[in-house]
Each structure stands twice: as C-alpha cells, then as structure tokens.
Amino acid sequence: MTKLKFSLSTSVAAVALAVAALSPTVSAHADELIIESWRTDDIDIWNSQIIPAFNKSHPDIKVRFAPTPPADYNAGLNAKLAAKTAGDLITCRPFDVSLDLYNQGHLTKIDGIDGMDNFSNVAKSAWQTDDGSTTFCLPMASVIHGFIYNKEAFKELGIEIPKTIPEFMAALEKIKSDGTYVPMSIGTADQWEAATMGFQNIGPNFWKGEEGRKGLIEGKEKLTDAQYVKVFEHLAEWGPYLGKGYKAQSYPDSQNLFSLGRAAIYPAGSWDISTFNGQADFEFGAFPPPVPAGQKNCYISDHTDIGLGINAASKNVKSAEAFLSWMSSKEAGTIFSNALPGFYALSKHKLEISDPVANEFVSWRGKCESTIRNSYQILSRGTPNLENDLWNTSVGVMNGSMTPEEAAKKAQDGLASWYKPQQ
Amino acid sequence: MALKTKPGSSFRTHILVFLLPAALIYTLFMILPLIDTVRFSFYSEESGGPTTFVGWDNYILILTDERWWQDFTNALKNNFIFFVVHMLIQNPIGLLLAALLSLPRLKLANSYRTLIFMPTMLSVVIIGFIWKLILSPLWGVGDTLVGFVGMTDGLPALLGEESTALITLSLISVWQFVGIPMMLIYAALLNVPDDLVDAAIVDGANQWTAFWRIKLPLILPTVAMVSVLTFVANFNAFDLIYAVKGALAGPDFHTDIMGTLFYRTFFGFQLQPGSATMGATVASLMFLVILCGVMIYLFVIQRRLHRYQL
C-alpha cells in the first residue's frame, strides 16, 4: 500500500512538473503559427527544409507543423475547430470537406493575399465556392497521372514511346507477343485504380479536360455522350494486356509486378515515383496519356490534392497571410516539389525538379492542358455517388463484365437520379 | 439441498441482486442502442444541420427507389448465399469432425481439436490476408498446388471473378469458423452417456448406426442452436468481406452483404458522404431480417424438437 501511494504521488508530481515545463512554451509566443495537417509523413521535410527556408525571410514568425494521422484528421480537426483550439493554418482536403469548413465559418477568404494570382483557376477550383467567386485555401500540391514504363524493356523490344492510342495499343501487342513482360500492370481487385489510374488518367484527352468537366457540371454533356463511351471502350481494350489474374490483383500487387521488372508499363499516379525509386533496380521513365489518333491537343489530370487555409479564429491572421503568400512563391514551390517527388506545387512558376521522372511528369504542364478528376467537384455530393460509380463501371469494362455503353449508362443514370442539371 | 424458503415469503431478493449487473449492462449497451437506432431511422438529417422527423420516409425510399432497392436486395441475396454455404458446408463438417473426435480410441484427439479450432482464434484481417496471398494468381501457392492435379493453366482469379468471389469468401469463412460448431456439438456429444452407446453396440449396432440412431437425436437441440447462431452471425457478418474486398465489395457488388451495405451507408465511402439516419434504417432492416429468422426458429423449429432427459 505504501508503495502504491508512493508511486501515485511521484507520478502526480511528474505530471505537475511536465505541465509546468510545457505551459510557458504554449502561451509565450503570440506570433507562433501552428499548422494542422494530415501529412504525418512530411514532418521532417517541414522541419528541416520548408520552415527554415521561410524563416530566412521572416525570422520573426515561428512556425510549428503539428500533423494528426490521416484517418483521424477530419474528425479531429472538426472537434478542435468547434472548441476553438485548432492551429492557425489548416491543411485543406480538396472540395466538399473544406467547402463545408468555409461555409461553417472556420476558414477565411484568402482572395486578397499577395501571390494568389500565381495560381490558375483549375488549381484553385478545389478550394473555391461553387460559383468560383471566393477562394478559401491556397493550392499547395497536386498529383499528376500518366504512364510509367520500364526503359530497359522498351529498349530490349525496340519500342518507341507511344504518342497516340493506336501506337499505344501496338506497343502493348508487341510486348504481349514477345512474352517476356506482362504488357501492363494494373489490377481490378481494389477498384480505385481502375477509375483513378484508368478512367481519370486517359479520359481528359477524350472529354477535352476542363471543357468536358465543366460541361458535365453544367449539364451540357452527359456521360453517355460519345467522348465518355470512348473512354470506356479504350479501357475495355486494356483487358487482354493485363497480367494473369488481374481481376484479383491488388494495388500493392501491381506496384510489385512493375518494380520487380516483370511488367513493362504501369498506369501511374505521380506519387508512385518515390515507391519505385526505392524498389526498382532498373531505369524507368514516364509518358503522358496517349491521345486519340489525329488529335493535336493533349490534356492531363493534374489533380489538386492539398491546400492550406487560415483558421478564422486565429489570432495571428497577419502572420498566417504572410506565410501563405510565401508559400505561393517559386522558392517555396521548388523546395516543396523536390522534397516530395510526385507531389507538385500548383503555382504557375516553372519548377526545377531534380528527380528525372518527377520532372518528366511536371513538364507535361507546359505541353498539355491541366484538368482535375471530373467526379470530384460537386458531382459526388449525392447518392449514388459518381466517384463510386466510376470505380465500379471502370472495373466492369476492364473485366469485360459490362459493355462500354452499359457502363456509361449506369454512371449517367446514377448521376441523373439526384443531380438537377443532368435531369 | 436444505435451503428451503418459507411459503409466503417466496420473493427472493437475492435473485434480483444477482440479475442486476447483467441486466444493467445489457440494457445500457444492447437494448438502449438498439431502440435508439430504430428511433433514429425515422429521422433525416441535412449534413451538419438539424435532424427532422420524417416518419417512414427512409424505409419507403429503400423499398421504392430503384437503386436502393437493387442494392438492398442484392445484399440480402448475397447474404443468403453466404448463409446457405455455411449451413450446407460448415455445419455438416463441424458435425462430422465432432463425431470423429468423440470416437473412442482416437489418437491425438486433443491435437486435432486444437488445430481445427486455431483459425477461429485468428484475426479476420490475418485470415483475409493469408487467403488473398494463397489464392493470388500472381504470387500464390495455389498455382503450384493445382499444377499437381493437372490444371496447367493455374488457378483462376477466384476472388476476382463475379461468379466465384462470393462462394470463395464464404468458403474462407467456413474454413475459419468450422471450429465453433465442432466445439459446441462435441461438447453435446460428450454429454451423451456412454452406456447408451454401449448398450446399442451390445445389441448389435455398429458405431455408424449408433451415431445416427442414438447420438444424433440426442444432440439435435444443439445442432438447431448452432444453426440459429450461424444465421445470426452470417447476417451480421462484415469483417471478412471488408478485409478482402473493401467496403465497395467488388466485383460489381457481387460480394456485397448487409454489413458492407450498412458500412457504406452509415460511414460513407471515399467521396460519398455518410448518412447516420439512412445507416440506422439499413441497420433496422438488418435487425428485422435477423429477428424474422430467429422467430421462425423459435416458433417453428424449436417447438418440434424432442428433448430427452438423460
């Protein structure tokens, strides 16, 4: 009993000490900015690169990066915002999650900040009100879709980088008939790759990027229109060139199949680059989604993923605005994009990226027009949800269990059942 | 026993005292949430806004809206298949194993029992992962194994094909849980007095007839209970499907069961926002389905079972 008492009293003392030791750091600096984020992986990059670079020009503002694990972020942030204990800068998820925060008054308007004109409308669209009049988060990073290929395999088989879809299909056929490599590594078991790295990767070339995306939102285009059916038709052509048992192949399976050198082409998101840098012991490169025969313009999915906004309850709004306008600079963009190969700053500056494959991806911004995934803004607010339907229908056509027309009709019917402009 | 209560003072307070903790905990954690779920299914909520009473609207939506009805009946149908596979394969195998284990002179009976029961104790996530690897057409051992019996094309994508995914998942679940009916039936078989079987054997029966004519009738109440437990567990199932196929229960919802449908509705999925009230409606319907099944068991089957005083 005495022992228990002893240990109790020591722990109470320890807690009291700890509280005493911590509290001055919490209360003393009025101009300390705290960043809420779900990017726990990035804490080193923030502490060792981004924040020191910011402090070179703004030595008077302290910044602390305080991430929460991704799965807890949304709920945790909501609780902190409600209790007015959230940090000054809020890392924004794209679209409706952040739009809700703005509508509830937790995020401020940031249109007036210096440097906002460094961002295109596409980049800002993820953090704007539906009419595009107000922006509430600074676009911070995007991911780009394309194809990663095994350079050695292409050299061995004498294949040139395909620029058009017929060339692409010919390349797949050549790899298949040679037999050394699985032509393309993507599976349909986890479903999201079929939509994200399939449909949304090759689609913008067919629906002409933003034009088609806006057309769907405004109700001028339907998913049963020829340009969308063609996307499904092209996806359906992939089936015969995928690995054995691709219907049970998961996302990590696909990554492994490629990084072990057993597959020649990998439909990719730019975030895959760092995985392959670590695992693949052959040289790999990237090419943008091939265009339909005869088409001159190309379009890429340059999908907005991470933004940064200001907590409306923050006491340090001036400093927070200074931080945001610094984040829009070329310097910040370059540091950020190099530290995280595959995540690209969204400002219009030309970024110099040392990783060759990451640099190849971002170079397409100069040649092609950027768009974002067409199901993310507005169109996934109802039930059935367009994003879910696209997963399902893309898998259906790749597995051959749905015809392209059926898939298009299913997605369109689902959307039209709740979305007024499509009715 | 000498503890006789006097006639007249027959109310025994200590019974209440003993029942209280269980009743309290059960009420707090089972009955109240259940009632609240049913209550909640009569409401509707705007995202972030107030909840309003809407009467039967949520139920009418599920039963009349084409999409909802299709999703719901599809999940119900798949769930039924899932249950039938368990009833036709898991329980007979459980019975067979229990009968084998209770044979006199079986060597290593305890080791078999432990080994067969082992998968039941493993986490479903591990089970799902192991079987995904075994059956993987890319790296799995399945290919080599079927090669031994002459299938040179290797294993088809059992978990990926629309025609086989649900059955494969059901069989994985059977493999995992076969230990439970085995244990329950085995315990019941141990209660069958040896002299009954011995008497039958003296009268000229062999072990086979002794099982069918003596042991099985005596353990039928346990078999019936195992069946109803299987029913309840299967219609509440969720974890294995979620671990192997994710909440979207692909391909094309061919492995979607009530549990995964509820999960998607309540918590939402990817960009789809969750709806607590629609989720409560789906959960209430699940409860109703299970309630009907259990009622059928209670009023139709259990009353016809003969119980023997042993």
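Residues numbered from 1 in each chain as written. Chains lettered and ligands numbered in written order. Predicted model: local features only at pLDDT ≥ 70, side-chain atom pairs only at ≥ 80, totals over all residues.

Things to note about the overall build of chain A
- Of regular secondary structure, chain A possesses 17 helices and nine strands.
- Viewed in the frame of its principal axes, chain A has a C-alpha envelope of about 75 × 50 × 50 Å.
- The proportion of buried residues among the 423 residues of chain A is 49%.
- Excluding contacts between residues fewer than 6 apart, the proportion of contacts in chain A whose partners are at least 24 apart in sequence is 78%. (Helix = DSSP H or I, 4+ residues; strand = E, 2+ residues; numbered from the N terminus. Buried ≥ 20, exposed ≤ 12 C-beta atoms within 10 Å, placed from the backbone. Contact = placed C-beta atoms within 7 Å.)

Some words on the overall build of chain B
- Along its length, chain B carries 13 helices and four strands.
- Principal-axis analysis of the C-alpha atoms gives chain B an extent of 80 × 75 × 30 Å.
- Evaluated residue by residue, chain B yields a buried proportion of 29% over its 310 residues.
- Nonlocal contacts in chain B, meaning residues at least 24 apart in sequence, comprise 64% of its contacts between residues at least 6 apart.

Side note on the interface of chain B and chain A
- Contacts between chain B and chain A engage 22 residues on the former and 28 residues on the latter.
- Its residues assigned to classes, the side of chain B that touches chain A comprises 10 nonpolar, eight polar and four charged. (Nonpolar A, V, L, I, M, F, W, Y, C, P; charged D, E, K, R; others polar.)

Topic: helix H15 (residues 356-367) of chain A
All names here are of chain A.
- Given a rise of 1.5 Å per residue, 12 residues ought to cover 16 Å, and the 17 Å separating the end C-alpha atoms of H15 matches this to within 8%.
- For H15, every residue scored as buried is listed here: Val357, Ala358, Phe361, Val362 and Trp364. Relative to the axis of H15, the buried residues are bounded by an arc of 140 degrees and lie together on one face. In H15, the exposed residues that point more than 90 degrees away from the buried face are Gly366 and Lys367.
- Those residues of H15 that are buried lie in contact with strand S4 (138-150), helix H12 (272-279), strand S7 (284-287) and strand S8 (299-310). (Expected span 1.5 Å × (residues − 1). Arc of directions from axis to C-beta.)

Here's the deal with the packing of helix H2 (residues 57-64) of chain B against helix H3 (residues 66-101) of chain B
All names here are of chain B.
- Their axes nearest at 5 Å, the elements H2 and H3 cross at an angle of 80 degrees. Taken together, the axis directions place H2 and H3 in an arrangement best described as roughly perpendicular. Every residue of H3 that contacts H2 at Leu61, Ile62, Leu63 and Thr64 is listed here: Trp68, Trp69 and Phe72.
- Tallied by class, the residues present in the contact of H2 with H3 amount to six nonpolar, one polar and no charged. (Axes fitted to C-alpha atoms, helices over the stretch in contact; angles between N-to-C directions. Parallel < 35°, antiparallel > 145°, perpendicular 65-115°, else oblique.)

Some points on the domain arrangement of chain A
All names here are of chain A.
- For chain A, the assigned domains are domain 1 (29-142 + 304-359) and domain 2 (144-302 + 373-422).
- The interface is formed by 14 residues belonging to domain 1 together with 15 residues belonging to domain 2.
- Residue composition of the side of domain 1 that touches domain 2, grouped by class: eight nonpolar, three polar and three charged. (Domains from an automatic or database assignment.)

Side note on unusual backbone geometry
- With a phi close to 60 degrees, Phe95 of chain A is a non-glycine residue in the positive phi region.
- The backbone of Asp252 of chain B shows a phi angle near 45 degrees, a positive value even though the residue is not glycine.
- Structurally, Asp252 of chain B can be placed in the loop between helix H11 (239-245) and helix H12 (258-267).

Describing the pairing of S4 of chain A
All names here are of chain A.
- Here S4 lies mainly inside the structure; 13 of its 13 residues are buried.
- Across six bridges, the pairing between S4 and S8 is antiparallel. Of the residues in S8, the one forming a bridge with Leu138 is Leu308.
- Sheet topology places S4 next to strand S6 (residues 263-269); five bridges connect them, and they run antiparallel. Looking at the pairing, Tyr149 lines up with Ile265 of S6.
- Both S4 and S7 contribute to a ladder of four bridges, which runs antiparallel. When the sheet's bridge partners are listed, Phe147 is paired in S7 with Phe287. (Pairing = 2+ DSSP bridges.)

Quick look at the pairing of strand S2 (residues 62-67) of chain A
All names here are of chain A.
- Direction of pairing for strand S1 (residues 32-37) relative to S2: parallel, over a ladder of six bridges. Bridge pairing in S2 places Ser37 opposite Pro67.
- The parallel pair S1 and S2 is bridged by helix H2 (residues 43-57), and the resulting crossover is right-handed. (Right-handed = clockwise from strand over helix to strand, strands pointing away.)

Notes on the nonpolar core
- Formed by 149 residues in total, the largest nonpolar core has its most connected members in Ala263, Phe323 and Leu324 of chain A.
- Among the domains, domain 1 (29-142 + 304-359) and domain 2 (144-302 + 373-422) of chain A are the pair contributing at least three residues each to this core.
- Residues within four places of Leu324 of chain A in sequence aside, it is in contact with Ile110, Ile113, Leu138, Leu308 and Ile310 of chain A.
- In terms of nonpolar packing, the next biggest core, distinct from the first, is built from 15 residues, Ala98, Ala99, Tyr186 and Ala188 of chain B among them. (Core = buried A, V, L, I, M, F, W, Y, C linked by C-beta atoms within 7 Å.)

Some words on the environment of Leu260 of chain A
Residue and element names in this part refer to chain A.
- Along the chain, Leu260 turns up in the loop between helix H11 (251-259) and S6.
- Residue Leu260 is classed as partly exposed on the basis of its 15 C-beta neighbours within 10 Å.
- A C-alpha to C-alpha distance of 9.6 Å links Leu260 and Phe276, two positions 16 residues apart in sequence.

Digging into the confidence of the model for chain B
All names here are of chain B.
- Residues at a pLDDT of 70 or more form 95% of chain B, whose mean pLDDT is 89.
- Averaged over each element, pLDDT in chain B is lowest for strand S4 (residues 272-273) (74) and highest for helix H7 (residues 165-177) (96).
- Overall fold confidence (pTM) sits at 0.82, and the ipTM for the predicted complex is 0.79. (pLDDT = per-residue confidence, 0-100.)

Digging into H7 of chain B
All names here are of chain B.
- If you check H7, its first and last C-alpha atoms are 18 Å apart, about what 13 residues at 1.5 Å a residue would give, namely 18 Å.
- Considered for burial, the residues of H7 that qualify are Ala165, Leu166, Thr168, Leu169, Ser170, Ile172, Ser173, Gln176 and Phe177.
- Structurally, H7 contributes buried residues whose contacts are with H3, helix H4 (109-121), helix H5 (124-135), helix H8 (179-191) and H11.

Here's the deal with the environment of Phe361 of chain A
All names here are of chain A.
- Following the sequence through the fold, Phe361 ends up in helix H15.
- Along the chain, Phe361 and Trp46 lie 315 residues apart, while their C-alpha atoms are 23 Å from each other.
- Apart from residues lying up to four places away in sequence, Phe361 is in contact with Ile144, Gly146, Ser270 and Ala286.

As for the environment of Ser136 of chain B
- Note that Ser136 of chain B resides in the loop between H5 and helix H6 (142-148).
- The buried category is assigned to Ser136 of chain B, around which 23 C-beta atoms lie within 10 Å.
- As for Ser136 of chain B and Phe80 of chain B, which are separated by 56 residues in sequence, their C-alpha atoms are 26 Å apart.
- Discounting residues that sit within four places of it in the chain, Ser136 of chain B has contacts with Ala248 and Asp253 of chain A.

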